[in-house]
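Architecture and fold: a report
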Amino acid sequence: MSIIKVNKLSKIYDGAEIPVRAVDGVDLAFEQGEFTAVVGPSGSGKTTFLNAVGGLDRPTSGEVIIDDVDIWQLSGRKLIDFRLHNIGFVFQAYNLIPVMTAKENVEFIMELQGRSKEERFDRTKSLLEAVGLGERLNSRPNKLSGGQQQRVAVARALASKPKFILADEPTANLDSKSTETLLDIMETLNKEENITFIFSTHDARVMKKARRIVTMEDGKILSDERK
Amino acid sequence: MIVSLAWRNVWRSKLRSAVIILATILGICAGIFSAAFYKGMTDSRIEKAIMNELSHVQIHNPEFINSNEIHDYISNADELKRKISLLPSVAGVSNRYVIYSMVSSAETGAGVKILGIDPEAEKQTTRLYTQLLEGDYFKEKRKNQVLIGHKLADKLKVKLNSKVVITLLDVDNNITYGAFRVVGIYKTANSGFDESNIFVRKSDLSKLINLPPDVCHEIAVLAQKNDEVEGIKSKIEEIVPNLKVMSWLELSPEVRYMAEAMDLMMYIFIGIILLALLFGIVNTMLMVVLERTKEIGMLMAVGMNKQKIFLMILLETVFLSLTGGVIGVALGALISKHFETTPIDLSSWMEGLSGMGFDTLIYTSVEWPILINVTIMVLITGVISALYPAYKALQNDPSEALRTE
């Protein structure tokens, strides 16, 4: 059963001379537990597509239906709330809050959700242990390597118990070893806990791990392959 | 956690926050000290006006207030004085003759207010006896003694033991006069008062003006404490319903207006300081918001709603302002406390200050209300300063903000 349905999704930017079709009439569906890489060259529309699916960038037309909710029909406030409870984000540049420890970065999302202190504490601890950072709970981002920061970001994305995780070029800033570790962790989470991951990437290592590869070019789906 | 996050964010750029906090400390400290200084000046002026010139409450024949005529007197004055003396919280009562007339020396003359007093009773209501520059506060067994202010002595070109002639109308409107010897020259903080008031014994004046016995023009009452004045006034009004009872606030409204104007001026002064700081804080917070565009975008993306982002920026700004504000208030209060007991000597500006009735030794006066009000003003400044930067932060589109470097 699809948890995300994308119907005729288009995003057109006003270019200097002609409008730019960053995403051009995309139809796509994602099932629970998929481990999908959206690939394509720079400018192919991967990030714009993910932003539209994640409720960050309003499409020009089309719809994104998540669990029967057309998210772009929601009001601004409801959309933010929807993101908080349903979507986990992992960004290329980690985007952790530098004045907070690893633990606080993860816990913060749950506090926004209004979860109890005990639940926050337990879940933060188990998530950071799951990403191999059980010993670095109280480290601030500047004391962690890029790979460790991205693992904290994954734990943060999982903290809200989202329906799926969108990861925009999550390995772009990481070395091989960190990339390998991060991918292993995400793959384990996907397999063991049936968490849905959707990546945008042009990293071959990610593509190798992905069980579904959606290739985009000029805003259109060029291919959609399942391994 | 938003509170904790906001507080930590304040210290993210330590130097930048330190600069704005230091500016706030200096501004608020200066504001508090200035307020304490001017409050001290005003309090001193009020105290001097009460203790040297007015007392707390004065009672007159209602006609006398407008006419200042010799025959508009208070009858049965001694009995009234006795009754008022018995009231609780009354520290002293003095009956006076008050006559507006002329005093002349061999050189020149001047219009003055002649106060006929009982020297011992007067000691209970004013501190004239402590203000003598030269001579004595009336000598025993000598008739026709006069105390004059140093300004009037200079004007009349008289010294101690010089003779002056007081010319006045008696109760029957006949011109009369008496020669008085200067036994004391006083100097209060108010040179205007010193130039226009002379003090003689009531008994000496009585012989010149032929007033009936047991009358006076003015009954001066000193309360034990300033805050008891209104209570005493009400009780006196019950005793003398037909007479005009006035507190020092009514007798010398200009002193009250001065105190009120000084208060207002201080708040305007502190308001100007805060306005200048407001621009600094807004500028700092705009830089903060600009620098953290990506982070704010991330927060929006992961589900932090606009109210919470607004609250975070608001708290950051308030923390930034209040940190400097509270330290500034505390430092200003400490400095002002020090000068509550160690006076600031402004004798270089003696002429100007005493011309307005101010003492040249200023003891600062710092009170809780101004400290609390200034802290609230700083808080309000923080809130106002947060509005535009927070608005700018909320304008961010998460997908665009996340793309910024």
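Here the structure is a predicted model, which means the values were calculated and not measured.

Scoring rules and cut-offs
Residues numbered from 1 in each chain as written. Chains lettered and ligands numbered in written order. Predicted model: local features only at pLDDT ≥ 70, side-chain atom pairs only at ≥ 80, totals over all residues. Heavy atoms only, no water. Helix = DSSP H or I, 4+ residues; strand = E, 2+ residues; numbered from the N terminus. Rg over C-alpha atoms; globule rule 2.2 N^0.38 Å. Areas by Shrake-Rupley, 256 points an atom, 1.4 Å probe, with all protein chains shown as cover. Lys, Arg positive; Asp, Glu negative; His and termini not counted. Charge placed at Lys NZ, Arg CZ, Asp CG, Glu CD. 1 Å grid on protein atoms, 1.4 Å probe; cavity = no way out; pocket = protein on both sides within 12 Å on 5 of 7 lines; lining within 4 Å. Points joined across faces, edges and corners; volume = space filled by probe spheres on them. Nonpolar A, V, L, I, M, F, W, Y, C, P; charged D, E, K, R; others polar. pLDDT = per-residue confidence, 0-100. Pairing = 2+ DSSP bridges. Contact = heavy atoms within 4.5 Å. Buried area = accessible area lost by both parts, 1.4 Å probe. Salt bridge = Lys/Arg side-chain N within 4 Å of Asp/Glu carboxyl O. Polar contact = N/O pair within 3.5 Å; in protein donor to acceptor, adjacent residues only side chain to side chain. Core = buried A, V, L, I, M, F, W, Y, C linked by side-chain atoms within 4.5 Å. Buried < 20%, exposed > 50% of the residue type's maximum accessible area, 1.4 Å probe, protein only. Axes fitted to C-alpha atoms, helices over the stretch in contact; angles between N-to-C directions.

Right, let's talk about the overall build of chain B for a bit. Looking only at helices and strands, chain B features 16 helices and 14 strands. Relative to its length of 405 residues, chain B is extended, with a C-alpha radius of gyration of 31 Å against a globular reference of 22 Å. Put simply, chain B shows about 18400 Å² of open surface, and 59% of that area lies on carbon and sulfur atoms. For chain B, the distance from the average position of its 40 positive side-chain charges to the average position of its 43 negative side-chain charges is 5 Å.

As a further point, take empty space enclosed by the protein. Enumeration over the complete set of coordinates arrives at 2 cavities of 30 Å³ or more. In this structure, the largest cavity spans a volume of roughly 60 Å³. At the level of elements, α2 (76-86), β6 (87-90) and α5 (146-159) of chain A are the ones that each hand at least two residues to the lining of the largest cavity. Residue contributions to the lining of the largest cavity peak at 3 residues, all from β6 of chain A. For the lining of the largest cavity, the class distribution of residues is 6 nonpolar, 2 polar and 2 charged. Estimates place the volume of the second largest cavity at around 30 Å³. As for the second largest cavity, its lining consists of Ile97, Asn105, Phe108, Ile109 and Arg156 of chain A together with Met298, Leu299 and Val302 of chain B.

With that settled, the discussion passes to the confidence of the model for chain B. Averaged over every residue, the pLDDT of chain B is 91; the share at 70 or more is 98%. Scored by ipTM, the complex comes to 0.92, with pTM at 0.80.

All right, on to the sheet that holds strand β2 (residues 20-31) of chain A then. Residues and elements named next belong to chain A. Pairing in this open sheet of 4 strands is antiparallel, and the strands run β2-β1-β4-β5 from one edge to the other. Looking along the sheet, the strands with just one partner apiece sit at the ends: β2 and β5 (69-70). Across 8 bridges, strand β1 (residues 2-13) lies against β2 in antiparallel orientation. The residue bridging Val6 from the neighbouring strand is Leu28, located in β2.

Next up on the list: the interface of chain A and chain B. On the side of chain B, 24 residues touch chain A, which itself brings 25 residues to the contact. Of the roughly 2200 Å² buried between chain A and chain B, counting both surfaces, carbon and sulfur atoms make up 64%. If you sort the residues of chain A by the area they bury against chain B, Ile80, Val99 and Leu112 of chain A come out on top, with a joint share of 23%. Across the chain A-chain B interface, the total number found is 2 salt bridges. The partner of Glu104 of chain A in a salt bridge is Arg8 of chain B, and the shortest N-O contact between them spans 2.6 Å. For the interface between chain A and chain B, the tally reads 6 residue pairs in polar contact (both at pLDDT 80 or more). Elements with a contribution of two residues or more to the side of chain A that touches chain B: α2 and α3 (102-113) of chain A. Of the residues assigned to the side of chain A that touches chain B, the class counts are 14 nonpolar, 3 polar and 8 charged.

In this section: the nonpolar core. Membership of the largest hydrophobic core comes to 95 residues, with the highest contact counts inside it found for Ile4, Phe49, Phe108, Leu128 and Phe164 of chain A. Filtering out sequence-adjacent residues up to four positions away, Phe108 of chain A remains in contact with Ile97 and Met100 of chain A together with Met1, Ile2, Leu5, Leu299 and Met304 of chain B. Counting 37 residues, the second largest nonpolar core, distinct from the first, contains Ala49, Leu54, Val240 and Val245 of chain B.

Let's shift gears to the environment of Leu311 of chain B. The residue Leu311 of chain B is located in helix α13 (residues 306-341) in this model. Linking Leu311 of chain B and Tyr100 of chain B, residues 211 residues apart in sequence, is a C-alpha distance of 68 Å.

Residue and element names in this part refer to chain A. Spatially, 6 strands are ordered β6-β7-β8-β3-β9-β10 in an open sheet, and the strand pairing comes out mixed. Whereas interior strands pair on both sides, the edge strands pair on one side only; in this sheet they are β6 and β10 (220-226). Each neighbouring strand pair of the sheet contributes to a mean axis angle of 15°, computed without reference to strand direction. In this sheet, β10 lies alongside strand β9 (residues 212-217) in antiparallel orientation, the contact comprising 6 bridges.

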